[in-house]
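Report on the structure
Below are the chains, spelled out letter by letter.
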Amino acid sequence: MQRADCIRRTSISAMRFAMNLTVRKTLFALMAGLCVLIGLIGNGDAKSQKPPTTVAVADYASGAISGRVMNRDGAPIPDAEVEIQLFIAGDPMSPALQDLLKLDIFRRTLPATTDENGEFVFRDLPSGVMAKLNLHAPGYANEERFGVPVGVKGLEIRLKREGRIEGRLSYADTGAPVTDATVTASAMDMFNARGEARVDENGLFAVTNLSPGLYNLHLGAAPEGWAALPKLRILVTEGQTVSNVDLNLIRCGLITGRVTDADTGEPIANHKVYLRDDAHPESLGSRYSANTDDSGVYRIHAAPGQAAVSSSAPRDYEDIGVVSRSVEVVENETFSVDFQFSKGIEVVVRTLTEDGDPVAGAQVAEEWVVGLPSHRITDEKGEYIYRGLRAGQRLFLEARHVDRRLRGGADIEAQPGKAVEIWMESYELVEVFGRVVDQNGEPIPGVTIDAIQSRDGIGTLAGVAATVAVAITAAVTDNDGRYRGVMLTVGEEYRITAYPHAGGYFASGTDTFTATKDMGQIADIVLQSGRPRGAAWEQKSRLQKVRMYPEKAEIRLKASVGEPAPELKVAEWLSGRSVSIRDLRGKTIALYFWDLGGSDNLLCIEVMNYLQKAYRKKGLVCVAVCPAAVDIEAIKRLVAEKPISYPVALDRQTRVIGARGETFDRYAVGWGDPVILIDRKGMIANIAYPLNLQGRIQALLAD
């Protein structure tokens, strides 16, 4: 009876497992890639790896990445430094993964320098992998391209003129300069790099090579016992130097205490305690911490005022979440805050086949948690002891054995002395392959291939059925346009989609199909060039398709305030009369870059309609530009259903990677749906989000 109940629960768990498996695979692939990126995997435990000489780079070296580095006007930038770091893309279960990880090429950064034409090339790269490019040139902002597939040729990268933040670091009480410290400018946009500078003998600093965006300036390395309140949300536009951003060092108070075992009083060594105070607010996006010593004592300096120290339970201790203590810190005084944690209960997890045989070497993990393969592995008895649980704690455990193709799951409620059985069922994988070509049958290299799984599953709330579609970047096409190593689970439904990164092509893919054991060749995927019809793909790295929050939309904006507004270069006008920046000289223009995919889409239409009607007689002209790659029929229906009182244009196609159209590229607009305000003289006057626009328009019209 008990076994029948376990099998019933396992069948339900298997559906939940299938829902989450691809998500975890995606996260695991990203983790594996990042680990390779920073050299962690290459420097791992030598006992767990075969000698790297078993794989030669030449066995996989068949691809290249080439491109051209230019300034905003398209002029080449010679002697620019281009660094490439390769990482694995694809299914971590692929047989070739471990071989690729042993290549020496993944353990170092490869440099290149652009020639007099601004061109660079990296040859003899292993096919089927991705790359991160870092670009540096004097006088220009550092640029980063993440997720560039091997095989891309003719990549166009336009660097922006550098922004700078300058200031002085001094002691608040005396005004004397600080001569031994660093300051850091951290971009609030995750895609922009951070900058750091050391102060000189006069306490002066200059953080250089910054991309346009919003930055938080804060203290880096500093004399012990001193802190500085950061300067937040500093707007840096292209080529701008923001001056007189000064920081002042203030004396700290000291927070100290012990972290101990609540039952025995024994110290817990090498455990982190975190600080939040006025000098280290949450908005900085990083946590300031101190480790306990062998006697369990930690010491951490905090700025005067309200502060919070926090800690979480160590491994094997009862998981009670983050424990936080508030402290009112006074300069030069010491405050004591202790932390105590209790050992959690242990639950034995047993993994079994359908016949009741133990499964040794199975990986056991919580739902939505991705662990490294060496963690939570069952022993020869098929058992793993799960420690650090609270009595009555409920969680969903999943088990899988990659080599034996077994998987299963179970809902558990932690109780002392209770064992949990996970009955594992077999599954099969099939490797599929194919080719990507253009309309003339010519191969297209450097195309990323996604295996998108669609299936029904059991929802986590009230057993509600749900349909999920999860993608994993499974392969990259080689120089012949071929891809391989895409592993699918037999019996599941998929579609294969090809995403180009250069060349002016648009995404395409197969229809949904069911994976079978005898699959192999997938039909050729033909990519169309030119403006798409009914396609929503935009020429953008998939990792950059993250929606910005409306209040932070300006972070992605690259247009430079105070410079002449570039002319519109659009494909056609979908609504209203055609206009140009030149013809509208003497008018105030609100140029709306319509994102089309935003949650505030319809609201922004109404806002722009209201502004056009309210301020038309005072000289305001609203204009909207849609991305080049858009479902034209859908936008026409939207324009018809929601009468728009201002001109709407479809942008012209461009081959610049990452750009959504020629006008978008001319204004260097990133993601979000910003409005560029242009004054009567044709100069860029302001940048705003539609819902925060009215006051800025009023001020501009009154000027």
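One numbering rule holds for all chains: residues counted from 1, following each sequence as written. The predicted nature of this model means local features are confined to residues of pLDDT at least 70 and side-chain atom pairs, given and counted, to a pLDDT of 80 or more, with totals for whole chains, interfaces and linings taken over all residues. Side-chain metrics in this entry use all non-hydrogen atoms of the structure; hydrogen atoms and water are not considered.

**Re the pairing of strand E8 (residues 163–171)**
Bridge count for E8 against strand E11 (residues 204–210) is five bridges, and the pairing is antiparallel. Paired with isoleucine 165 across the strands is valine 207, a residue of E11. Strands pair, by our definition, only if DSSP identifies at least two bridges between them. A helix here means a DSSP run of H or I that spans at least four residues, while a strand means a run of E at least two residues long, and both kinds are numbered starting from the N terminus. Examined bridge by bridge, E8 and strand E15 (residues 241–242) share two bridges and lie parallel to one another. Its bridge partner lying in E15, isoleucine 165 is registered against valine 242. Where E8 and strand E16 (residues 247–251) come together, three bridges link them in parallel fashion. Looking at E16, one finds that tyrosine 171 is bridged to leucine 249.

**Considerations on the packing of aromatic side chains**
Side-chain rings of Phe, Tyr and Trp, where Trp is taken by its six-membered ring, are said to pair if the distance between their centres is within 6.5 Å; with planes under 30 degrees apart they count as stacked, over 60 as edge-to-face, and otherwise as tilted. All chains considered together, the criterion is met by seven aromatic pairs. Between the aromatic rings of tyrosine 171 and tryptophan 226, the centroid separation amounts to 4.8 Å while the plane-to-plane angle is 75°, which identifies the pairing as edge-to-face. With tyrosine 171 in strand E8 and tryptophan 226 in strand E13 (residues 226–228), the pair connects residues that are 55 residues apart, well separated along the chain. Note on phenylalanine 593 and phenylalanine 664: the rings are 4.9 Å apart at their centroids and 75° apart in plane angle, and the pair reads as edge-to-face. With phenylalanine 593 in strand E41 (residues 588–593) and phenylalanine 664 in helix H6 (residues 662–666), this residue pair connects regions lying 71 residues apart in the sequence. Working definition: with a 1.4 Å probe on protein chains only, accessible area under 20% of the residue-type maximum means buried, over 50% means exposed, and in between means partly exposed. Judged by its relative accessible area of 2%, phenylalanine 664 falls in the buried class. Taken together, Phe593, Phe664 and Tyr667 form an aromatic cluster joined through their ring pairs.

**Notes on a positive patch on the surface**
A cluster of basic residues, Arg577, Lys587, Arg616 and Lys617, forms a positive patch at the surface. Here lysine 587 shows up in the loop between strand E40 (570–575) and E41. In this analysis, a patch consists of residues with relative accessible area above 30% that form no salt bridge, clustered at 9 Å for like charges and at 5 Å for the nonpolar side chains Val, Leu, Ile, Met, Phe, Trp and Tyr. The accessible surface values rely on the Shrake-Rupley method and a 1.4 Å probe; as for residues, cover is taken only from the protein chains in view. In the sections that follow, a salt bridge refers to a side-chain nitrogen of Lys or Arg positioned within 4 Å of a carboxyl oxygen of Asp or Glu. Charged residues are defined here as Lys and Arg on the positive side and Asp and Glu on the negative side; His and the ends of the chain fall outside this count. By convention, the point assigned to a charge is CZ for Arg, NZ for Lys, CD for Glu and CG for Asp.

**Quick look at unusual backbone geometry**
The backbone phi angle of arginine 233 is positive, close to 55°, even though this residue is not glycine. As for its placement among the helices and strands, arginine 233 is situated in strand E14 (residues 231–236). Residue asparagine 332 is not a glycine yet carries a positive backbone phi of 65°. Checked against the element boundaries, asparagine 332 lands in the loop between strand E22 (323–329) and strand E23 (334–336).

**Focus: the nonpolar core**
Counting residues in hydrophobic clusters, the biggest one holds 31 residues, and the most contacted among them are Trp594, Met608, Leu611, Tyr646, Leu693 and Ile697. Apart from the residues within four sequence positions on either side, leucine 611 is in contact with Arg616, Leu620, Leu693, Gln694 and Ile697. The set of buried Ala, Val, Leu, Ile, Met, Phe, Trp, Tyr and Cys residues whose side-chain atoms join them within 4.5 Å is what this entry labels a nonpolar core. By size, the runner-up hydrophobic cluster in this structure holds 24 residues, among which are Val69, Ile84, Leu86 and Tyr140. It only takes one pair of heavy atoms within 4.5 Å for two residues to be counted as in contact.

**Some points on the sheet that holds strand E9 (residues 182–187)**
Overall, antiparallel pairing links the four strands, which are arranged E10-E9-E12-E14 in an open sheet. Edge strands, defined here as strands with exactly one partner in the open sheet, are strand E10 (195–198) and E14. Each neighbouring strand pair of the sheet contributes to a mean axis angle of 25°, computed without reference to strand direction. Here E9 pairs with strand E12 (residues 213–219) via five bridges, running antiparallel. Paired with threonine 184 across the strands is histidine 218, a residue of E12. In this analysis, axes come from line fits to C-alpha atoms, helices being fitted only over the stretch in contact, and the angle between any two N-to-C directions falls in the range 0 to 180 degrees.

**Overview of the environment of isoleucine 77**
Mapped onto the elements, isoleucine 77 comes out in the loop between strand E1 (61–70) and strand E2 (81–88). Judged by its relative accessible area of 6%, isoleucine 77 is buried. C-alpha separation for the pair isoleucine 77 and glutamate 119, spaced 42 residues apart in sequence, amounts to 8.4 Å. Discounting chain neighbours no more than four positions away, the residues touching isoleucine 77 are Val69, Met70, Asn71, Thr114, Asp115, Gly118, Ala137, Tyr140 and Leu159.

**Observations concerning the sheet that holds strand E21 (residues 305–311)**
Taken in spatial order, the four strands make up an open sheet running E19-E18-E21-E22, and their pairing is antiparallel. The sheet is open, and its two borders are formed by strand E19 (288–291) and E22, each paired with just one other strand. For this sheet, the mean inter-axis angle between neighbouring strands, taken without regard to orientation, is 25°.

**Some words on the pattern of salt bridges**
Where side chains of opposite charge bring their charged atoms close, a pairing between them can arise. If you walk through the whole model with that rule in mind, you get 17 salt bridges. For lysine 132, the salt bridge identified is with glutamate 144, shortest N-O distance 3.4 Å. Here the residue lysine 132 occupies a position in strand E5 (residues 129–136), and glutamate 144 occupies one in strand E6 (residues 143–149), the gap between them amounting to twelve residues. With a relative accessible area of 31%, glutamate 144 lands in the partly exposed category. Glutamate 238 serves as the salt-bridge partner of arginine 161, at 4.0 Å between the closest nitrogen and oxygen. Here arginine 161 is found in the loop between strand E7 (155–158) and E8, whereas its partner glutamate 238 is found in the loop between E14 and E15, with 77 residues between them in sequence. By relative accessible area, which is 37% here, arginine 161 ends up partly exposed. Overlapping salt bridges bring together Arg72, Arg161, Glu238 and Glu563 as one network.

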